[in-house]
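Each chain, written out:
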Amino acid sequence: MGTNASQVTEFVLVGFSRLAHLQGLLFSLFLAIYLLTVAGNLLIAALVSTDAALQSPMYFFLRILSALEICYTSVTVPLLLHHLLTGQRHIPRSGCALQMFFFLFFGATECCLLAAMAYDRHAAICEPLRYPLLLSRRVCKQLAGAAWACGALVGLGHTAFIFSLPFCGTNAVPHFFCEIQPVLQLVCGDTSLNELQIILAAALIILCPFGLILSSYGRILATIFRIPSASGRRKAFSTCSSHLLVVSLFYGTAIFIYIRPKASYDPATDPLLSLFYAVITPILNPVIYSLRNADVKAALKRSIQKMGLYRFDKGWGMTLEQHSWTVPNYEGSKERRCGTQKRVIQLRRQLCL
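Conventions used here
- Residues numbered from 1 in each chain as written.
- Predicted model: local features only at pLDDT ≥ 70, side-chain atom pairs only at ≥ 80, totals over all residues.
- Heavy atoms only, no water.
- 1 Å grid on protein atoms, 1.4 Å probe; cavity = no way out; pocket = protein on both sides within 12 Å on 5 of 7 lines; lining within 4 Å.
- Points joined across faces, edges and corners; volume = space filled by probe spheres on them.
- Helix = DSSP H or I, 4+ residues; strand = E, 2+ residues; numbered from the N terminus.
- Nonpolar A, V, L, I, M, F, W, Y, C, P; charged D, E, K, R; others polar.
- Pairing = 2+ DSSP bridges.
- Disulfide = S-S within 2.5 Å.
- Buried < 20%, exposed > 50% of the residue type's maximum accessible area, 1.4 Å probe, protein only.
- Phe/Tyr/Trp six-rings, centres within 6.5 Å; stacked < 30°, edge-to-face > 60°.

Explain empty space enclosed by the protein here, please?
Picture a little ball the size of a water molecule; that probe, rolled over the atoms, points out where space is still empty. By the definition in use, this model includes two cavities of 30 Å³ or more. Volume-wise, the largest cavity comes out at about 190 Å³. Taken together, 16 residues form the lining of the largest cavity, with Leu104, Gly107, Ala108, Ile206 and Tyr258 sitting closest to its centre. Contributions of two or more residues to the lining of the largest cavity are made by helix H4 (93–126), helix H6 (137–162), helix H8 (192–225) and helix H9 (230–258). With five residues, the top contributor of residues to the lining of the largest cavity is H4. Its residues assigned to classes, the lining of the largest cavity shows 14 nonpolar, two polar and no charged. Every residue lining the second largest cavity is listed: Met58, Met117, Asp120, Arg121, Thr239, His243 and Tyr289. Mapped onto the lining of the second largest cavity, the elements with two or more residues apiece are H4 and H9. The greatest single-element share of the lining of the second largest cavity, amounting to three residues, is contributed by H4. Tallied by class, residues from the lining of the second largest cavity come to three nonpolar, two polar and two charged.

I tried to follow the sheet that holds strand E2 (residues 90–92) on my own but got confused; where do I start?
Backbone-to-backbone hydrogen bonds pair the strands of a sheet. The strands run either parallel or antiparallel. Pairing within the open sheet is mixed, and its three strands lie in the order E2-E1-E3. In this open sheet, the two strands that pair with only one neighbour each are E2 and strand E3 (172–173). Pairing of strand E1 (residues 10–13) with E3, which is carried by two bridges, proceeds in the parallel orientation. Note that in E3 the partner of Val12 across the bridge is Ala172.

Hey, could you run me through the state of the cysteines in this one?
Among covalent bonds in proteins, the disulfide is the one between the sulfur atoms of two cysteines. In this structure the tally under the stated criterion is one disulfide. Between the sulfur of Cys96 and that of Cys178 lies a disulfide, 2.0 Å long from S to S. Given an S-S torsion of about -125°, the disulfide between Cys96 and Cys178 has left-handed geometry. Of this pair, Cys96 sits in helix H4 while Cys178 sits in the loop between E3 and helix H7 (180–184), placing them 82 residues apart in sequence. As far as the burial class goes, Cys96 and Cys178 line up, both buried.

Help me understand the packing of aromatic side chains in this model?
Remark: the centre distance and the inter-plane angle together describe each pair of aromatic rings, the angle taken between the planes. For the structure shown, the criterion picks out 18 aromatic pairs. Pairing Phe176 with Phe177 gives two aromatic rings, centres 5.0 Å apart and planes at 65°, and the pair type is edge-to-face. Each member of the pair, Phe176 together with Phe177, is buried. Pairwise contacts between aromatic rings join Phe16, Phe30, Tyr72, Phe103, Phe176, Phe177, Phe210, Phe250 and Tyr251 into one cluster.

These values are about where atoms sit, not about what they do.
Here's what the structure looks like:
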């Protein structure tokens with residue numbers, strides 16, 4: 001590529017090219033993580049969609065979160081796998097802009113959705129009598145739509161702003177995808193004003209929902225501590241512990257990555273940190289919500305039973321006495337009793353086939 005802005009038509013994602021001897025291992029690792037992420041989140045979404053016991057507002061938002069996680073990780077990981085497999089790390093300027101847009105779009109949407117989920121827990125614990133009114137189906141759809149709209153505006157605004165700036169010098173992006181900070185390093189001239197605008201916008205979209213979450217959980221904790229019984233406090237806190245853990249993982253890395261100056265960007269360590277929220281966090285969400293949520297575990301067990309993969313006597317719903325074949329009640333000689341026992345053994349074998 002040339003050295004002036006008019007000639008920069010593509011970028012090179014450096015990624016993990018320094019680890020040339022580990023490309024095969026990294027490909028296998030990221031492929032396994034990606035497949036598990038997609039399968040786990042699809043399972044959560046399918047359970048919520050089909051199980052009658054998971055039709056509350058909390059699980060409405062969880063289903064959207066699972067879909068978001070699939071989209072979020074699909075923006076970066078398939079291209080990373082392609083680069084690791086082929087060694088071709090070029091991406092067109094338009095492709096880089098699209099990747100940045102969708103990554104910011106899904107990331108900002110998740111920020112807002114986590115805030116909506118915190119409000120749901122606040123209403124359920126602090127306002128239980130008004131909960132059906134506060135989180136009606138219409139309100140849930142409005143909150144979800146607002147989250148998607150906010151994410152689209154953030155993604156479009158950031159991407160249009162950055163790619164309207166002139167690029168010059170090297171076209172090598174020191175990252176495995178088109179992240180804001182490393183791409184901004186390739187912009188010509190003094191970018192301090194642009195950097196300040198990006199940090200302020202990132203702070204607005206990250207810290208405002210995070211502030212709402214902290215406020216919601218402050219009131220939730222105050223309400224929980226007023227519950228007289230210890231078992232009641234544990235039950236109330238268990239309903240929001242999974243969401244609180246997801247919030248901590250997502251916002252902790254997002255605040256560290258985005259709300260800081262460009263000069264603090266480290267091309268050696270920051271891509272590793274980005275792996276945590278771009279690749280690792282999406283696979284943790286289904287694990288957290290399935291292992292720490294009794295309702296989801298119960299729904300999974302019911303689904304397995306319906307598929308006939310449970311224990312013989314419960315999954316098939318059939319015992320020897322219920323089978324259409326009847327065993328005659330022979331009475332008499334020892335030979336007849338032995339024949340009856342053999343018939344029972346054969347029948348059991350047939351049932352187990």
